[in-house]
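Here is what each chain is made of, one letter per residue.
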Amino acid sequence: MAGLSCGIVGLPNVGKSTLFNALTANIAEASNYPFCTIDPNVGVVPLEDERLDKLSKLSKSEQIIPASTQFVDIAGLVKGASKGEGLGNRFLSNIRETDAIVHIVRCFDDPGVVHVAGQVDPVEDIEVINTELVLADLQTAEKAADKLEKQSKGKKDLLPTLELMRRVIDHLNVNAPLRTMELNESEQDLIHPYQFLTRKTVLYVANVSEEALPEMENEYVSKVREFAKKEGSEMLSICAKLEEEIAQLDKEERGGFLESIGLTESGLQRLARASFKMLGLITYLTTGEKETRAWTIHDGDTAVVAAGKIHGDIANGFIRAEVVAYDDMVQFGGRVAAKENGKMRSEGRDYLVQDGDVILFLHN
């Protein structure tokens, strides 16, 4: 699904590029010095989904197309980025273009890998990045408030936006991200066009060393978990170095390797799924001889919106959606038998699509 992406951020040398290499099997230069990643690398990560394999066998599909999450590897932010330090503003604009933030935090000791601040302190590291994003948002809010103040003299309908922008400035001035600010529905609509960085949902990823396997727990991880909980954000632990090694293996070899170190699945699949969930996305499925495919939509999207993901013409000429739940599809061995057993439903354009619905759209 075009346009939905997670920006990978973190201080230099926290393991971002190592993780990105594993995520995409593209090689971002992972070197032991700041700013080894200058242009944002973009990779699309397929979401493993055994439902597609089963449906593909039933339909004898020629190909399988899974859902995916796009990850953007954004170069290491440093203190002062909001004022243009390091590679500053360029990175901030790269983050602005993403839908959510995956914040990689170093949770390992290694004298061979330089820490930009000289010592490992995950909470301090998080706060350095968050402060830079807050300061960048403060600049945006202050410019917007100045402009609104001038415009609102002639346009009284702009006063609610101006009032909101003043509250935004007050919130940011206590170094609080805007995702922690309570807004009603109309305020959310008013703030939406401003693309504030700290409004974005964040997933904190604690990057541990191989010594922390398989539990992926240590005192640093506990601190990150506590910080995320206070903020109302999610977190997970991952070992980027291990993921990079797993990415070099054939798909068939991965399962056995993970089992040998006491893991049931790769951290990358957990990350991809968590990011998907964080963006509020679900998948519905289509299947036939040509392909079996997972289509990405927002949780709460209607049948006509889902139809439009395939093609605008299908949405425009929408007649109805023939829906079979995935479990029924597998139990009865296909759409025809599911229909004969009363498991196929005809749904209208306002039907709320559920994750795992297998849908055939009828249209003019």
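Residues numbered from 1 in each chain as written. Predicted model: local features only at pLDDT ≥ 70, side-chain atom pairs only at ≥ 80, totals over all residues. Heavy atoms only, no water.

### Quick word on the overall build of the chain
Piece 1. Per the secondary structure count, the chain includes 14 helices and 12 strands.
Piece 2. In the chain, which comprises 364 residues, the proportion classed as buried is 50%.
Piece 3. Counted over contacts in the chain with a minimum sequence separation of 6, partners at least 24 positions apart contribute 69%.
Piece 4. Summed over its atoms, the accessible surface of the chain is roughly 18100 Å², and 48% of this surface lies on carbon and sulfur atoms. (Helix = DSSP H or I, 4+ residues; strand = E, 2+ residues; numbered from the N terminus. Buried < 20%, exposed > 50% of the residue type's maximum accessible area, 1.4 Å probe, protein only. Contact = heavy atoms within 4.5 Å. Areas by Shrake-Rupley, 256 points an atom, 1.4 Å probe, with all protein chains shown as cover.)

### Description of the environment of Val128
Piece 1. Relative to the elements of secondary structure, Val128 occurs in helix 4 (residues 122-151).
Piece 2. Among the residues examined, Val128 registers a relative accessible area of 18% and is labelled buried.

### Focus on the sheet that holds strand 1 (residues 5-9)
Piece 1. Reading across from one edge, 2-4-1-5-6-7 is the order of the 6 strands in this open sheet, with mixed pairing throughout. Because the sheet does not close on itself, it has two edges, and the strands there are strand 2 (41-46) and strand 7 (234-238). Strand after strand, the sheet turns through a mean of 25° between neighbouring axes, direction not considered.
Piece 2. Pairing between strand 1 and strand 5 (residues 100-106): 4 bridges, direction parallel. Across the sheet, residue Gly7 finds its bridge partner in strand 5, namely Ile101.
Piece 3. Its contacts with the sheet place helix 4 against strand 1, strand 5 and strand 6 (201-207), and it is angled at close to 145° to strand 5. (Pairing = 2+ DSSP bridges. Axes fitted to C-alpha atoms, helices over the stretch in contact; angles between N-to-C directions.)

### Some thoughts on the pattern of salt bridges
Piece 1. For the coordinates displayed, the defined rule picks out 11 salt bridges.
Piece 2. In this structure, Arg167 engages Glu187 in a salt bridge whose closest nitrogen and oxygen atoms are separated by 2.6 Å. Taken as a pair, Arg167 in helix 5 (residues 159-173) and Glu187 in helix 6 (residues 185-191) lie far apart in primary sequence, 20 residues in all.
Piece 3. Among the salt bridges present, the one from Arg179 reaches Glu231, with a minimum N-O distance of 2.9 Å. Of the two residues, Arg179 sits in the loop between helix 5 and helix 6 while Glu231 sits in helix 7 (residues 219-231), which places them 52 residues apart along the sequence. (Salt bridge = Lys/Arg side-chain N within 4 Å of Asp/Glu carboxyl O.)

### What about the packing of helix 4 against helix 5?
Piece 1. Two elements in contact, helix 4 and helix 5, have axes separated by 9 Å at closest approach and are oriented at 155°. Viewed along their axes, helix 4 and helix 5 adopt a mutual orientation that is roughly antiparallel. Crossing geometry of helix 4 relative to helix 5 is assigned as left-handed. Mapping the contact onto sequence places Val134, Asp137, Leu138, Ala141, Glu142, Ala144, Ala145, Leu148 and Glu149 in helix 4 and Thr161, Leu162, Met165, Arg166, Val168, Ile169, Leu172 and Asn173 in helix 5.
Piece 2. For the contact of helix 4 with helix 5, the class distribution of residues is 11 nonpolar, 2 polar and 4 charged. (Parallel < 35°, antiparallel > 145°, perpendicular 65-115°, else oblique. Left-handed = near helix turned anticlockwise from the far one by under 90°. Nonpolar A, V, L, I, M, F, W, Y, C, P; charged D, E, K, R; others polar.)

### Here's the deal with the pairing of strand 4 (residues 68-73)
Piece 1. Bridging between strand 1 and strand 4 involves 4 bridges; their strand directions are parallel. Residue pairing across strands places Gly7 opposite Val72, the latter belonging to strand 4.
Piece 2. Two elements, strand 2 and strand 4, share 6 bridges in a ladder whose sense is antiparallel. Each residue of the ladder has a partner; that of Gly43, found in strand 4, is Phe71.

### With respect to the side chain of Ser59
Piece 1. Inspection of the secondary structure puts Ser59 in helix 2 (residues 50-59).
Piece 2. A relative accessible area of 18% means that Ser59 is categorised as buried.
Piece 3. Side chain to side chain, Ser59 and Thr287 meet in a polar contact 2.6 Å long. (Polar contact = N/O pair within 3.5 Å; in protein donor to acceptor, adjacent residues only side chain to side chain.)

### Things to note about the packing of aromatic side chains
Piece 1. Taken as a whole and assessed by the stated rule, the structure comprises 5 aromatic pairs.
Piece 2. Aromatic side chains Tyr284 and Phe361 sit 5.9 Å apart centroid to centroid with 85° between the ring planes, which places their arrangement in the edge-to-face category. You can see Tyr284 sitting in strand 8 (residues 281-287) and its partner Phe361 sitting in strand 12 (residues 357-363), a full 77 residues away along the chain.
Piece 3. The rings of Tyr284, Trp295, Phe318 and Phe361 are connected pair by pair, giving a single aromatic cluster.
Piece 4. Seen from the ring of Trp295, Arg293 lies directly overhead, with NZ or CZ sitting 4.0 Å from the centre. (Phe/Tyr/Trp six-rings, centres within 6.5 Å; stacked < 30°, edge-to-face > 60°. Lys NZ or Arg CZ within 6 Å of the ring centre and 35° of its normal.)

### Concerning the confidence of the model for the chain
Piece 1. Of the residues in the chain, 89% have a pLDDT of 70 or more, and the chain-wide mean is 88.
Piece 2. Counting contacts from residues 26-39, a segment whose pLDDT is below 50, to residues more than four positions away or on other chains yields 40 contacts. (pLDDT = per-residue confidence, 0-100.)

### A look at the side chain of Asp357
Piece 1. Assignment of secondary structure puts Asp357 in strand 12.
Piece 2. An unpaired buried charge is present at Asp357: no salt bridge exists, and Arg345, the closest side chain of opposite charge, is 4.5 Å distant.
Piece 3. There is a polar contact of 2.7 Å between the side chain of Asp357 and the side chain of Tyr351.
Piece 4. The residues touching Asp357, leaving out its near neighbours within four places in the chain, are Tyr284, Leu285, Val323, Val324, Arg345 and Tyr351. (Lys, Arg positive; Asp, Glu negative; His and termini not counted.)

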